[in-house]
Amino acid sequence: MSRPPPTLLIVEDDSDLREALVEILSAEGFTVAATASGTEALAWLDAHPPPALALLDMWTPRKDGWLLLGILHQRPALADVPVVVISANEEKHPAIREVLQKPFDRDVLVACVRRFVHAVH
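Read on for an overview of the structure. Owing to the predicted nature of the structure, the values given are computational and were not obtained by experimental measurement.

Per the secondary structure count, the protein chain includes four helices and five strands. In sequence order, the secondary structure elements of the protein chain are arranged as β-α-β-α-β-α-β-β-α. Relative to the globule expectation of 14 Å for 121 residues, the C-alpha radius of gyration of the protein chain, 13 Å, shows essentially globular dimensions. By its C-alpha atoms, the protein chain is 40 × 30 × 25 Å across when sized along the principal axes. Averaging the positions of the 11 positive and the 17 negative side-chain charges in the protein chain gives two centres separated by 5 Å.

It is worth spelling out the sheet that holds strand β5 (residues 96–101) at this point. The parallel open sheet is built from five strands, whose spatial order is β2-β1-β3-β4-β5. Each of the sheet's edge strands pairs with one partner strand only, and the pair in question is β2 (31–35) and β5. Adjacent strand axes in the sheet meet at a mean angle of 20° when their direction is disregarded. For strand β1 (residues 7–11) and strand β3 (residues 53–57), the ladder comprises four bridges, and the chain directions are parallel. Counted as the bridge partner of Leu-8 is Leu-53 from β3.

Glancing now at the nonpolar core. Side chains of nonpolar character tend, in soluble globular proteins, to be buried together. Among the nonpolar cores identified, the biggest contains 21 residues, and Leu-9, Leu-45, Leu-56, Leu-68, Leu-69, Leu-72 and Val-83 are the most heavily contacted of them. Counting only elements with at least two residues in this core, the list comes to β1, α2 (38–47), β3, α3 (64–74), β4 (83–87) and β5. With sequence-adjacent residues up to four places away left out, Leu-45 is seen in contact with Leu-9, Pro-51, Leu-68, Leu-72 and Leu-78. Leu-53, Leu-109, Val-110 and Val-113 belong to the second-largest nonpolar core, a separate cluster that totals 17 residues.

That bond from Lys-102 to Pro-103 is cis: its omega, -10°, falls within 30 degrees of zero. Position of Pro-103 relative to the elements: it lies in the loop between β5 and α4 (106–116).

What follows deals with the pattern of salt bridges. Pairing between side chains becomes possible if they bear opposite charge and their charged atoms approach one another. The full count for this structure, using the stated rule, is six salt bridges. Residue Glu-90 is joined to Lys-92 by a salt bridge in which the shortest nitrogen-to-oxygen separation is 3.8 Å. Summarising the burial analysis for this pair, Glu-90 and Lys-92 share the class exposed. One continuous salt-bridge network, built from bridges that share partners, spans Glu-28, Arg-106 and Arg-114.

So, about a negative patch on the surface. A surface patch of like charges, here negative, comprises Asp-14, Asp-16, Glu-19 and Glu-23. Topologically, Glu-23 is positioned in helix α1 (residues 15–27).

Bringing α4 into the picture now. Among all positions of α4, only Leu-109, Val-110, Cys-112 and Val-113 are buried. The buried side chains of α4 occupy one side of the element, clustering within an arc of 160° when seen end-on. Exposed positions of α4 whose direction lies more than 90 degrees from the buried face are Asp-107 and Arg-115. In this structure, the buried residues of α4 make contact with β1, α1, β3, β4 and β5. Where α4 starts, the residue carrying a side-chain oxygen 3.2 Å from the main-chain nitrogen of Asp-107 turns out to be Asp-105.

Rules used in this analysis
Residues numbered from 1 in each chain as written. Predicted model: local features only at pLDDT ≥ 70, side-chain atom pairs only at ≥ 80, totals over all residues. Heavy atoms only, no water. Helix = DSSP H or I, 4+ residues; strand = E, 2+ residues; numbered from the N terminus. Rg over C-alpha atoms; globule rule 2.2 N^0.38 Å. Lys, Arg positive; Asp, Glu negative; His and termini not counted. Charge placed at Lys NZ, Arg CZ, Asp CG, Glu CD. Pairing = 2+ DSSP bridges. Axes fitted to C-alpha atoms, helices over the stretch in contact; angles between N-to-C directions. Core = buried A, V, L, I, M, F, W, Y, C linked by side-chain atoms within 4.5 Å. Buried < 20%, exposed > 50% of the residue type's maximum accessible area, 1.4 Å probe, protein only. Contact = heavy atoms within 4.5 Å. Salt bridge = Lys/Arg side-chain N within 4 Å of Asp/Glu carboxyl O. Patch = residues over 30% accessible without salt bridge, like charges linked within 9 Å, V, L, I, M, F, W, Y side chains within 5 Å. Areas by Shrake-Rupley, 256 points an atom, 1.4 Å probe, with all protein chains shown as cover. Arc of directions from axis to C-beta. Polar contact = N/O pair within 3.5 Å; in protein donor to acceptor, adjacent residues only side chain to side chain.

Put into structure tokens, the structure is as follows:
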């Protein structure tokens, strides 16, 4: 019996980028949950097991990416979830494992995700 693919949580307010991330990472064998805000991501986290990785856009319109990052860092059940930030800036926070600088290409994204979690094929 095979294991289910690891789940990634994407928080990105730009719908085009969010859809592209889902398409790319799904094609790589990951299960992807995508939300448009930190508030939606918190609701998802409350209803599901922790993801294998969280990809966060820190600068959503309500700036709730920072709130979400703080909650991930403080909740024991979520504290070990690797966080990769998608940003045009160099963001700093103890919970951030890596920053993907916008713009980035597909290969950079996939390599970054695979550093933290491996897909099951």
